[in-house]
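Chain by chain, the residues run as shown.
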Amino acid sequence: MAWLTDVEAKAKRKTDIGPPHYEQFLPPVVKKNYGQWKYHEVLDPGVMVHVANSGDKAYTVRAASPRLLATESVRAFLDIADKYCDGFIRFTTRNNVEFITPDESKVKDIKKACIDAGYPVGGIGPRISNMIHTQGWVHCHGACTDASGLVKAVMDEVFPYFVEKELPNKVRLALACCVNMCGAVHCSDIAVVAIHRKVPIIDHDLVKNMCEIPTTISSCPTRAISPDVAKKSVKINDEKCMYCGNCFTVCPPIDIHNPEQDGVAIVIGGKIGSLRTGPKFSKLAIPYIKNNPPRWPEVVSALKNILETYAKGARKHERVGEWIERIGWESFFKKTGIAFTFQHIDDFTFARETFRTSAAFKW
């Protein structure tokens with residue numbers, strides 16, 4: 001058997017080190033015209049077309065997904081992709097599902113297939129996108145609220161803004177079930193972040209048998225935890241604790257959960273893009289709303305109020321954060337009817353007056 005050349009060996013080589021190259025997952029029309037797109041147009045709330053310099057067109061149909069997908073749901077999406085898109089499918093960072101085809105005649109069939117399967121088509125252009133969220137009570141051990149249930153309640157209420165109604169610009173919604181924020185709440189237009197409000201309760205008998213003390217102490221970002229030599233355990237400085245729950249992750253006997261006090265905050269004005277203004281971090285709008293499952297009516301009402309106030313008062317193309325910067329925070333609180341409290345004053349020890357987050361070099 002002849003030895004393979006370096007080029008042949010590289011082409012045949014398969015490895016489990018690192019992810020596979022993204023290029024193999026690109027639809028042929030995208031791969032052919034990569035980096036050579038002339039413009040794109042939004043044809044309707046769930047369909048857009050990209051036109052390449054070569055004249056090729058790529059039609060995208062966007063559908064919502066429930067984020068935590070059952071095997072049956074994945075298979076339903078793949079069946080649509082196999083039938084109309086040669087097996088190619090794309091999930092966006094906001095958990096939308098996109099089907100891309102160069103054949104305009106297939107667009108109508110893809111839309112119908114998605115809707116018939118129970119997945120609404122929309123979220124393109126000046127509308128809300130699918131609401132990205134974390135694991136919540138389904139999987140996360142440290143969740144302060146549910147994710148899937150609360151997102152379902154919110155999206156049921158603002159659904160028209162996904163499939164039909166227009167806004168001044170796109171609005172990205174997000175939810176994180178704790179302040180560790182494995183959701184994109186720090187850079188979304190309107191976001192819900194769940195919070196603990198009480199210092200964890202320590203079960204000292206279990207700590208000394210289950211936990212590694214140095215690891216537990218080092219898990220605290222504010223150095224609120226120190227050794228308790230007498231009890232062969234740890235103690236918490238209440239003044240330094242910020243209720244993040246990191247200690248509970250490494251030492252379960254330090255229990256952060258409190259069903260009577262856990263709830264959510266709403267933060268707003270974040271964005272990732274550099275268009276018009278640089279990227280922005282979200283800022284606090286509502287410091288606390290108590291959990292009220294299964295439909296969280298108070299949270300849903302508050303979020304919808306902010307969204308509709310923005311829709312009514314923002315100029316065309318303004319994102320939520322840009323609208324607030326133009327009218328001022330004082331005006332924002334007046335227009336929304338949200339109370340301004342001491343929690344809105346940033347007194348965190350390591351806070352900076354400004355954060356350089358822009359990718360732009362021109363100032």
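Above this text is the structure in question.
Residues numbered from 1 in each chain as written. Predicted model: local features only at pLDDT ≥ 70, side-chain atom pairs only at ≥ 80, totals over all residues. Heavy atoms only, no water.

**Student:** What should I look at first to understand the environment of Pro252 in this one?
**Tutor:** Mapped onto the elements of the fold, Pro252 is located in the loop between helix H9 (246-250) and strand E12 (254-255). Each C-alpha atom of the pair Pro252 and Gln24 lies 43 Å from the other, and the pair is 228 residues apart in sequence. (Helix = DSSP H or I, 4+ residues; strand = E, 2+ residues; numbered from the N terminus.)

**Student:** Just checking my understanding: could you explain the sheet that holds strand E8 (residues 190-195) for this structure?
**Tutor:** Strands belonging to one sheet form pairs held by backbone hydrogen bonds; the direction of such a pair is parallel or antiparallel. Sheet architecture is open: five strands sit in the order E6-E7-E8-E13-E14, paired in mixed fashion. Unpaired on one side and paired on the other, strand E6 (132-133) and strand E14 (283-290) mark the two borders of the sheet. Summarising the sheet, E6 and strand E7 (residues 173-176) pair through two bridges and their orientation is parallel. Bridge pairing links His133 to Leu175 in E7. (Pairing = 2+ DSSP bridges.)

**Student:** Explanation requested: the pattern of salt bridges in the structure shown.
**Tutor:** Side chains that differ in sign of charge can pair as their charged atoms come close. Here the structure, examined in full by the defined rule, presents 15 salt bridges. Note that Asp56 is salt-bridged to Lys32, the shortest N-O span being 2.9 Å. Of this pair, Asp56 sits in the loop between strand E2 (47-52) and strand E3 (57-63) while Lys32 sits in helix H2 (residues 28-32), and the two are 24 residues apart along the sequence. Residue classification places Lys32 among the exposed positions, given a relative accessible area of 59%. The partner of Asp44 in a salt bridge is Lys111, with the nearest N and O atoms 3.0 Å apart. Of the two residues, Asp44 sits in strand E1 (residues 37-44) while Lys111 sits in helix H4 (residues 107-116), which places them 67 residues apart along the sequence. On the basis of relative accessibility, which here comes to 24%, the residue Asp44 falls in the partly exposed class. The partly exposed category is assigned to Lys111, whose relative accessible area is 24%. (Salt bridge = Lys/Arg side-chain N within 4 Å of Asp/Glu carboxyl O. Buried < 20%, exposed > 50% of the residue type's maximum accessible area, 1.4 Å probe, protein only.)

**Student:** Explanation requested: the packing of helix H5 (residues 148-158) against helix H10 (residues 297-313) in the structure shown.
**Tutor:** Geometrically, a packed helix pair is captured by the angle between its two axes and the distance between the axes. The N-to-C vectors of H5 and H10 enclose an angle of 45°; their axes lie 10 Å apart at closest approach. What the angle tells us is that H5 and H10 run oblique. Judged by the twist between their axes, the crossing of H5 over H10 is right-handed. For the pair H5 and H10, contact is made by Leu150, Ala153, Val154, Glu157 and Val158 and by Val299, Val300, Leu303, Lys304 and Leu307, respectively. (Axes fitted to C-alpha atoms, helices over the stretch in contact; angles between N-to-C directions. Parallel < 35°, antiparallel > 145°, perpendicular 65-115°, else oblique. Left-handed = near helix turned anticlockwise from the far one by under 90°. Contact = heavy atoms within 4.5 Å.)

**Student:** Looking at this model, I keep getting lost on a nonpolar patch on the surface. Mind explaining?
**Tutor:** Where nonpolar side chains cluster on the molecular surface, the patch consists of Phe340, Phe342 and Ile345 and spans about 390 Å² of accessible area. Along the chain, Phe340 turns up in the segment after helix H12 (329-336). (Patch = residues over 30% accessible without salt bridge, like charges linked within 9 Å, V, L, I, M, F, W, Y side chains within 5 Å. Areas by Shrake-Rupley, 256 points an atom, 1.4 Å probe, with all protein chains shown as cover.)

**Student:** Quick question: what am I supposed to make of the state of the cysteines here?
**Tutor:** Think of a disulfide as a covalent bridge from one cysteine sulfur atom to another cysteine sulfur atom. Under the criterion given, the structure shown has one disulfide. Of all cysteine sulfurs, the one in Cys178 lies closest to Cys144, which takes part in no disulfide; the gap is 5.6 Å. Taking the relative accessible area as the measure of exposure, Cys144 reaches 2% and is therefore buried. (Disulfide = S-S within 2.5 Å.)

**Student:** Where do I start with the environment of Glu322 in this structure?
**Tutor:** Within the secondary structure, Glu322 sits in helix H11 (residues 320-327). Linking Glu322 and Ile256, residues 66 residues apart in sequence, is a C-alpha distance of 36 Å. Setting aside anything within four residues of it in sequence, one finds Glu322 in contact with Lys271, Leu275, Arg276, Thr277, Lys280 and His317.

**Student:** Looking at this structure, how should I read the sheet that holds strand E5 (residues 97-101)?
**Tutor:** Read from one edge of the open sheet, five strands run E1-E2-E3-E5-E4, paired in antiparallel fashion. In the strand order of this sheet, the two ends are held by E1 and strand E4 (90-91), each with one partner. Examined bridge by bridge, E4 and E5 share two bridges and lie antiparallel to one another. Across the sheet, the residue bridging to Phe91 is Val97, located in E5. Set on the sheet, H4 makes contact with E1, E2, E3 and E5; between it and E3 the angle comes to about 15°.

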